[in-house]
Amino acid sequence: MDIASLQAFIAVAEHQSFSRAAEHLYLTQPAVSKRIAQLEVDLGVALFDRIGRRISLTQAGQALLPRARRLLNDAREIRRTLADLSGEISGRLLMGTSHHIGLHRLPGPLKHFTHSYPDVELDIRFMDSEAACHAVEIGDLELAIATLPPGPNISQIKRAKPV
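In this numbering scheme, every chain counts its residues from 1 along its sequence in written order. Local features in this predicted model are restricted to residues of pLDDT 70 or higher, and side-chain atom pairs are both shown and tallied only at a pLDDT of 80 or more, whereas totals for entire chains, interfaces and linings draw on every residue. The basis for every side-chain value is the complete set of non-hydrogen atoms in the structure, without hydrogens or water.

Engineer: What exactly am I supposed to notice about the overall build of the chain here?
Structural biologist: The helix count covers DSSP runs of H or I at least four residues long, the strand count covers runs of E at least two residues long, and both are numbered beginning at the N terminus. On a plain count of helices and strands, the chain comes out with eight helices and five strands. Referenced to the eigenvectors of the C-alpha coordinate spread, the extents of the chain come out at roughly 50 × 50 × 25 Å. Under the scheme applied here, a residue whose accessible area is under 20% of the maximum for its type counts as buried, over 50% as exposed, and between as partly exposed, the area being computed with a 1.4 Å probe on protein chains only. When the 163 residues of the chain are sorted by exposure, 28% land in the buried category. Whether two residues are in contact is decided by their heavy atoms: any pair within 4.5 Å suffices. Long-range contacts, defined as pairs at least 24 residues apart, comprise 58% of the intrachain contacts of the chain with a sequence gap of at least 6. Of the accessible surface of the chain, which amounts to about 10900 Å², a share of 56% is contributed by carbon and sulfur atoms. His is not counted, nor are the chain ends; Lys and Arg add positive charge and Asp and Glu add negative charge. For the purpose of locating charges, the reference atoms are NZ of Lys, CZ of Arg, CG of Asp and CD of Glu. Charge-centre separation for the chain: the mean point of 19 positive side chains lies 6 Å from the mean point of 18 negative side chains. Areas reported here follow the Shrake-Rupley algorithm with a probe of radius 1.4 Å; residue values treat only the protein chains shown as occluding.

As structure tokens, then:
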């Protein structure tokens, strides 16, 4: 089991397609298929049910998905921690924000940030606030700048029953 295989697994699970996952990862579809096949061999279980062109996670795949996300986040954190020992601030910052905030409120602060930290690559994803917060919770984003009412975190809001 290696990081590249886990990245492919997560991408296929999220996109529910080997070809869309390949596009997302900038790989060929056969390369993604090979990584998934090797991961299934390494783990000794099928991770996806393949019915024609449709795929879905097996029970094993559902159990692996949150753990794979955590492993990838831990690997990124290890790299960041070791890089931080040098005293230099560099790497990639993956963040999410809404279109309104990103287009109207962030240009000035982001310009200041990029001048202060030229070795940091900003990767900004535009999405609604709830999706951005959820992406931070599951580790897909490192930072979300969102407009939400004060109160419980997003996972608590999702579980709350309507009145």
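On we go from here.
Engineer: How should the pairing of strand β3 (residues 91-97) be read in this particular structure?
Structural biologist: Strand residues, when the strand is regular, have side chains that alternate between the two faces of the sheet. Pairing analysis gives seven bridges linking β3 to strand β4 (residues 120-126), with the strands arranged parallel. Across the sheet, T97 pairs through a bridge with F126, a residue of β4. At least two DSSP bridges between two strands are needed for those strands to be called paired. Examined bridge by bridge, β3 and strand β5 (residues 143-145) share three bridges and lie parallel to one another. Each residue of the ladder has a partner; that of T97, found in β5, is I145.

Keep in mind these numbers describe shape, not what the thing actually does.
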